[in-house]
Amino acid sequence: MKSIPRRLFILIFSLFAGLLGVPAWAQTSLPVTAAESLSKLLNSRAEIERCIILASPDGLSQARIGLSQSKVIPDNEKVVLGELVRGVSLILYPAPGFVGMAAKQQPLGAFFIDPSLKNIQKADSLCLTQLVEASQGRIFTSTDGTAASFLAELLPALAIFRTKDTDTVRTALNYAERFEASSAAPSVIPGLVRARAALLSNDPAKAFSHYASLLAAYPDVWPARLALGTLSLGQNKPVEALDYLNPLLGTRKNDPAFLTPYTLALYGNGRFADAEPFVLAALEYDPSSADLVLAAAHIGIDRGDFAKAGTYLDILGKKRPNDRMYLCLKTLQCSGLSRKDEALKWARKAFQAFPTDPEMMVLLAGVLAAGPESGLAEASALAREAGKSFAAAKLNGRQPIPPVLSPLAASMRAQAETEAMHILLVEAYQSQDWFAAAALLDAGGTQALDKTLVSTILRKSGRGAEALDFASKWYATSPESEPAAEAYLRSLAAASGTTLASARKPGESDSGPGLLTLTTAASFSGSAGEQSALVGLVFRLLSNSSSAGMQSFLYYLKGSLQMDQETAIDSYRAALLARGDNVEALTALAKVYAAKGDAQKALFYIKQARMVGVTDKDIDADLIALEKTLPAK
């Protein structure tokens, strides 16, 4: 004869002993209708217990629905079973506000037996008591050492979710493992217990594996999803963290245990605009969190609120005074507030703390490049060294220090790499090494660069078509900008003459027929369309009000467009009346008088140009070449 399963035997025994109270000899002569009612009762209660043992959110929900719809379970038992559902839910799936940082402001929800409960069976009383103790991090066992039901064998394991005590954790784990080994009933509790035990044993990889397996089998177990998101964040994987956490936003956004990792995941993905309101909300729960304070400071600096960022940085400085990101953000904040000396101090401190970090090299280089000219050499050296480090990392297939593990870190690294190239580009620009500057421009792009600088590099390096395209687009979008107008006019002039349109070596004059010597050439070599656009724009701009510097340039350019030498001279003089230090106009006058055979006046204007100061190597080369053609005094 097949033996009765222990669980069914216990249930039958409880029902007979606790409810029916009839003698053993009478149990064999139950009427058919009584046996059918007993079967329905057992089946219905068994189903409810099965859902409680499963303990997933869906399972507990099904238990509630079953209790509300059952017509065979007595009302007093419904209440008791409902309390069991409530207790398990309270411990495994706490409402927002009862977990995480909120525990510092209010105690975790403890489970207490409803005092109105009457006629509780011994087995149910044991389970309720176990829930009371488990909700306070303690394990309660039956006085005789045996459990009256499978529930009673499992519920003590729930204590692990309310304690970090080593002995309690070990005992809870033993309960969970014994239940899983002896029962065929599915339950999420053993998996959650194992994962929690791994976390408390400082084994996040093992915990991650347990949570992942559990979530794959029971997608509704949101604590596993929350834990996986938090663990992914701890592994510097904010992309994966956000994937896990996003589905919880609708139900857990007011839960500090969710809010903090979700906020940091958004921040780690570089989604500052999305992260900002969550950062502020999370800080309301946990104002002392260094990670949240750092995120708030970085977001403030990113949108230019340097004063507010300073408040957060003051807090962060007390918690992490030598943190890499703190030193970096403090430097950026001081730079944003134009506190150049302080910015340099913090940048040097960051570089000294992380001397092999290419991003810290660029941080210091950027501060030096924005300061006095005396720091440009050091800035260039640092940028060059950082560039080597970035290039070596790409070549060797490894990441630089610190390793790039997140979109935010990757973005910051890319910004540093671009900034390093921009610093070297400015160095090449200032030394008038146009080909080197153009190569760096190609490598680093034109974003965040001064447009005059870009236009000049393209034009001076002989890339006339690109220069004209760039300047024309700039002028089209900013027609009121004098720098845009000047860049466009210079590019048109370069396109109007073959000399300017061709590449030259650094140091050679790029002032051919397009500008300085157009008068002596006495004809355009560019297209009629370019000539017409250039002449028309010069005269139109001269008719409008403009600054003295712009008027001087326009008169100079007008003179360069004149076929008649005397008319050109008048325009050049008008340029000098508008601005006396116009070296281009002085040089043009020297050339015109040299062409007219008036060496004395040519030398006079050469001398004037020298007195003003010739910084352009091309103009200086023109003047040197011109002097050689003139008779000695």
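Residues numbered from 1 in each chain as written. Predicted model: local features only at pLDDT ≥ 70, side-chain atom pairs only at ≥ 80, totals over all residues. Heavy atoms only, no water.

Visitor: Explain helix H18 (residues 340–353) to me, using residue names and the numbers behind them.
Guide: Taking 1.5 Å of rise per residue, 14 residues should cover 20 Å, and H18 covers 20 Å from first to last C-alpha, within 8% of that figure. Among all positions of H18, only Ala343, Trp346, Ala347 and Ala350 are buried. An end-on view of H18 places all buried positions within 100° of arc, on one side of the element. Exposed residues pointing more than 90 degrees away from the buried face of H18 are listed as Asp341, Lys345 and Gln352. Looking at the buried positions of H18, the neighbouring elements they touch are helix H17 (324–336) and helix H19 (358–369). (Helix = DSSP H or I, 4+ residues; strand = E, 2+ residues; numbered from the N terminus. Expected span 1.5 Å × (residues − 1). Buried < 20%, exposed > 50% of the residue type's maximum accessible area, 1.4 Å probe, protein only. Arc of directions from axis to C-beta. Contact = heavy atoms within 4.5 Å.)

Visitor: Let's hear about the nonpolar core: which residues, and what values?
Guide: In terms of nonpolar packing, the biggest core is built from 177 residues, with Ile52, Val88, Leu92, Leu158, Tyr211 and Leu489 touching the most fellow members. The element that contributes the greatest number of residues to this core is helix H15 (residues 290–302), accounting for 9 residues. Contact partners of Leu489, with chain neighbours within four places excluded, come to Leu534, Leu537, Val538, Leu541, Met550, Phe553, Leu554 and Leu557. (Core = buried A, V, L, I, M, F, W, Y, C linked by side-chain atoms within 4.5 Å.)

Visitor: If you had to explain the pattern of salt bridges to someone new, which residues and values would you point to?
Guide: Taken as a whole and judged by the stated rule, the model has 29 salt bridges. A salt bridge links Glu49 to Arg45; the shortest N-O distance between them is 3.2 Å. Of this pair, Glu49 and Arg45 both sit in helix H2 (residues 32–54), 4 residues apart, which is roughly one turn of that helix. Note on accessibility: Glu49 and Arg45 belong to one class, buried. Lys473 is the partner of Asp469 in a salt bridge, and the nearest nitrogen-oxygen pair spans 3.3 Å. Of this pair, Asp469 and Lys473 both sit in helix H24 (residues 464–477), 4 residues apart, which is roughly one turn of the helix. The class of Asp469 is partly exposed, set by a relative accessible area of 40%. (Salt bridge = Lys/Arg side-chain N within 4 Å of Asp/Glu carboxyl O.)

Visitor: Can you lay out empty space enclosed by the protein for me, pointing to particular residues and giving the numbers?
Guide: Inspection of the entire model under this criterion finds 4 cavities of 30 Å³ or more. Within this model, the second largest cavity holds a volume of roughly 70 Å³. Glu276, Val279, Leu280, Ala296, Ile299, Gly300, Arg303, Lys308 and Tyr312 are the residues that line the second largest cavity. Elements with a minimum of two residues in the lining of the second largest cavity: helix H14 (272–285), H15 and helix H16 (306–319). Its residues assigned to classes, the lining of the second largest cavity shows 5 nonpolar, 1 polar and 3 charged. (1 Å grid on protein atoms, 1.4 Å probe; cavity = no way out; pocket = protein on both sides within 12 Å on 5 of 7 lines; lining within 4 Å. Points joined across faces, edges and corners; volume = space filled by probe spheres on them. Nonpolar A, V, L, I, M, F, W, Y, C, P; charged D, E, K, R; others polar.)

Visitor: Residue-level account of the packing of aromatic side chains, with values.
Guide: By the definition in use, this model includes 12 aromatic pairs. For the pair Phe258 and Tyr262, a centre-to-centre distance of 5.0 Å together with 20° between the ring planes defines the contact as stacked. Of this pair, Phe258 and Tyr262 are both found in helix H13 (residues 256–268), 4 residues apart, which corresponds to roughly one turn of the helix. Assessed through its relative accessible area of 4%, Tyr262 is described here as buried. Plain terms: the ring middles of Tyr556 and Tyr572 are 6.2 Å apart, the flat faces sit at 35° to each other, and that makes the pair tilted. (Phe/Tyr/Trp six-rings, centres within 6.5 Å; stacked < 30°, edge-to-face > 60°.)

Visitor: An account of helix H8 (residues 189–200) is requested, with residue identities and associated values reported.
Guide: Helix length check: H8 (12 residues) gives 16 Å between terminal C-alpha atoms against 16 Å at 1.5 Å per residue, within 8%. Every buried residue belonging to H8 is among Ile189, Pro190, Gly191, Leu192, Val193, Ala195, Arg196, Ala197 and Ala198, and all of these are buried. Looking at the residues trailing H8, positive phi occurs at Asn202, about 60°.

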